[in-house]
Amino acid sequence: MKKEIDIIYEDKNIVVVNKRSGISVISALGVRENQTLAGMLKKQLKQNVWVIHSINRDTTGVLVFAKNLQAYRDIRLQFENSKVCKKYIALVSGVLEEDKGTINKPILISVRNNVSADIVKGRASVTSFKILKRFRSYTLVQILLLTGRKDQIRVHFWSLGHPLAIDSEYGTSNPIILSDLKHGYKFKSGKLEKPLISRLSLHAVALTLTLPGSNEEKIFEVSLPKDFKITLKQLCKYGS
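Residues numbered from 1 in each chain as written. Predicted model: local features only at pLDDT ≥ 70, side-chain atom pairs only at ≥ 80, totals over all residues. Heavy atoms only, no water.

Asks: Which residues make up the overall build of the protein chain, and what values go with them?
Replies: Assigned secondary structure in the protein chain consists of 5 helices and 12 strands. Computed over its C-alpha atoms, the radius of gyration of the protein chain comes to 19 Å, within 12% of the 18 Å expected for a compact globule of 240 residues. For the C-alpha atoms alone, the extent of the protein chain along its principal axes is close to 60 × 45 × 35 Å. Taking all 240 residues of the protein chain together, 45% fall into the buried category. Long-range contacts, defined as pairs at least 24 residues apart, comprise 63% of the intrachain contacts of the protein chain with a sequence gap of at least 6. The protein chain carries 39 positive and 21 negative side-chain charges, and their two centres are separated by 5 Å. (Helix = DSSP H or I, 4+ residues; strand = E, 2+ residues; numbered from the N terminus. Rg over C-alpha atoms; globule rule 2.2 N^0.38 Å. Buried < 20%, exposed > 50% of the residue type's maximum accessible area, 1.4 Å probe, protein only. Contact = heavy atoms within 4.5 Å. Lys, Arg positive; Asp, Glu negative; His and termini not counted. Charge placed at Lys NZ, Arg CZ, Asp CG, Glu CD.)

Asks: Before we move on, could you go through the pattern of salt bridges and cite the residues and values that matter?
Replies: Counted by the stated rule, this structure contains 8 salt bridges. Between K67 and E10 there is a salt bridge, with its nearest N and O atoms 2.8 Å apart. Here K67, found in the loop between β4 (60–66) and α2 (69–80), pairs with E10, found in strand β1 (residues 6–10); they are 57 residues apart in sequence, far enough to count as distant. The partner of D58 in a salt bridge is R57, and the shortest N-O contact between them spans 3.3 Å. Since its relative accessible area comes to 24%, D58 is described here as partly exposed. Given the relative accessible area of 46%, R57 is considered partly exposed. (Salt bridge = Lys/Arg side-chain N within 4 Å of Asp/Glu carboxyl O.)

Asks: Please provide a residue-by-residue account of the side chain of D151, values included.
Replies: Looking at where D151 falls in the secondary structure, it is placed in the loop between β10 (138–145) and α3 (152–159). Side chain to side chain, D151 and N56 meet in a polar contact 3.3 Å long. (Polar contact = N/O pair within 3.5 Å; in protein donor to acceptor, adjacent residues only side chain to side chain.)

Asks: How would you explain the nonpolar core if you had to name every residue and give the values?
Replies: Judged by nonpolar contacts, the single largest core of 30 residues is most densely connected at F65 and F157. Among the secondary structure elements, those contributing two or more residues to this core are β2 (14–19), α1 (37–45), β4, β5 (85–93), β9 (126–134), β10, α3 and β11 (202–210). Ranked by residues supplied to this core, first place goes to α1 with 5 residues. In contact with F157, other than residues within four places in its own chain, are V92, L96, I103, T127, F129, V141, I143, H162 and P163. With 18 residues, the next largest nonpolar core counts Y138, L196, V205 and L235 among its residues. (Core = buried A, V, L, I, M, F, W, Y, C linked by side-chain atoms within 4.5 Å.)

Asks: Hey, could you go over the environment of Y185 for me, with residue numbers and the actual values?
Replies: Its place among the elements puts Y185 in the loop between α4 (178–181) and β11. On the basis of relative accessible area, Y185 is assigned to the partly exposed category, the value being 29%. In this structure the C-alpha to C-alpha distance between Y185 and L196, which are 11 residues apart in sequence, comes to 14 Å. Residue contacts for Y185: discarding those within four places in its chain leaves L178, S179 and E193.

Structure, rendered in structure tokens:
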């Protein structure tokens, strides 16, 4: 992990990054701090940073870190009071019929960190969505997280029968490949076909918050990563 982190905004209080796939935000089993996004960011900035929120290892997109304790407390309070707007783009399995909707299903996280939708015992969890484009076997969805539970998007769409197109925990780990989309597609004999996308099909596209110490509301937005763009291009050509 020698590549520098893509910083899209920085001031004296916060730093906002465009996270790439394949890197954990914080330490986990078998992952040392210097291999995490937080650890690498500390090294790159040559100062401590506070982790305010997190996204999955294979999810890409916008993340904000605090550069001091006061900024951390300020933005954490915004998150807790649902003052932060979190927008995602997801490719889900199957074809959603509704053009837009709200998923209001409590989520339960067990002592073993298992996550499920549980109306009786779970914590209130709300996800709003609208359809951007339908394909033959997939749906492109824009999502607003109105709460921030662990795996909320993944669990909510799984509960609808439309898990993310690629999700080893709640759906399938099979990558999307061109030969599954393009009729009669042939690739060179003896070589493995390169997937269009082979990781969690979820991207944190935008984050809106109020800058600490001011009343200025700011939107941080990043474009879709290359693998996501390539997949959508091929789906538009062969998957409709």
